[in-house]
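# Descriptive structure summary
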Amino acid sequence: MVNAIILMSCERDQIARIGETLAGMDEIAEVYSVAGKFDLVAIVRVAHNDDLARLVTHHMTGIDGITSTETLFAFKAYSRHDLEALFSVGL
């Protein structure tokens, strides 16, 4: 499983539309509208690096209003969500 965080700058009047579009994508678990340097943050969970590359370079580039992105790869997850998922499959 590949976890990533995508930070996005967007045209101000397009933030809500872009957030809703991203939230509808299977690869994206959550989208947050945030204050600060970026406008939106997307939490991505995919099976392979190629899936992440396809999301960023093909699917997201087709969304009008995203002006820039910065993708952070997660090395290790420390969230309660991931721990609960691990135990739910019997490991």
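Everything below is about the structure printed above this text.
These notes cover the structure that comes with them.

About the criteria used
- Residues numbered from 1 in each chain as written.
- Predicted model: local features only at pLDDT ≥ 70, side-chain atom pairs only at ≥ 80, totals over all residues.
- Heavy atoms only, no water.
- Helix = DSSP H or I, 4+ residues; strand = E, 2+ residues; numbered from the N terminus.
- Contact = heavy atoms within 4.5 Å.
- Areas by Shrake-Rupley, 256 points an atom, 1.4 Å probe, with all protein chains shown as cover.
- Pairing = 2+ DSSP bridges.
- Axes fitted to C-alpha atoms, helices over the stretch in contact; angles between N-to-C directions.
- Core = buried A, V, L, I, M, F, W, Y, C linked by side-chain atoms within 4.5 Å.
- Buried < 20%, exposed > 50% of the residue type's maximum accessible area, 1.4 Å probe, protein only.
- Polar contact = N/O pair within 3.5 Å; in protein donor to acceptor, adjacent residues only side chain to side chain.
- Arc of directions from axis to C-beta.

Next up on the list: the overall build of the protein chain. Helices and strands together make up the secondary structure of the protein chain, namely three helices and four strands. Long-range pairs, those at least 24 residues apart, make up 69% of the contacts in the protein chain with a sequence separation of at least 6. Summed over its atoms, the accessible surface of the protein chain is roughly 6100 Å², and 55% of this surface lies on carbon and sulfur atoms.

Bringing the environment of L40 into the picture now. Topologically, L40 is positioned in strand β3 (residues 40-46). Taking the C-alpha atoms as reference points, L40 and I15, separated by 25 residues in sequence, lie 7.4 Å from one another. Setting aside residues no more than four positions away along its own chain, L40 makes contact with I6, L7, M8, C10, I15, I18, G19, L22, V31, Y32, S33 and V34.

Right, let's talk about the sheet that holds strand β2 (residues 28-33) for a bit. Spatially, the four strands line up as an open sheet ordered β2-β3-β1-β4, and their pairing is antiparallel. Strands at the two margins of the open sheet, each flanked by one partner only, are β2 and β4 (66-73). Neighbouring strand axes in the sheet, compared pairwise and without regard to direction, differ in orientation by 20° on average. As defined by bridge partners, β2 adjoins β3 across five bridges and the pair is classed as antiparallel. Paired with I28 across the strands is V44, a residue of β3.

Let's shift gears to the nonpolar core. Ranked by size, the top nonpolar core spans 19 residues in total, and within it I6, M8, L22, V44, L52 and L55 carry the most contacts. Breaking this core down by element, the ones donating at least two residues are β1 (2-10), α1 (15-23), β3 and α2 (49-59). Looking at this core, the element that brings in the most residues is β1, giving five residues. In this structure, M8 is in contact with L22, F38, D39, L40, V41, A42, M60, I66, S68 and T69, ignoring residues within four places of it in sequence.

Note that S9 resides in strand β1. Residue S9 is classed as buried on the basis of its relative accessible area, which comes to 15%. Beyond its immediate chain neighbours, meaning those up to four positions away, S9 contacts K37, F38, D39, G65, I66, T67 and S68.

Along the chain, H58 falls in helix α2. In this structure H58 comes out as exposed when scored by relative accessible area, which is 56%. Reaching out from H58, the side chain makes a polar contact with the side chain of T57 at a distance of 3.5 Å.

Taken together, the buried positions of α1 are occupied by I15, I18, G19 and L22. For α1, the angular spread of buried residues about the axis comes to 100°, placing them on one side. Seen from the buried face of α1, the exposed residues on the opposite side, beyond 90 degrees, are A16 and E20. Packing partners of the buried residues in α1 comprise β1, β2, β3 and β4.

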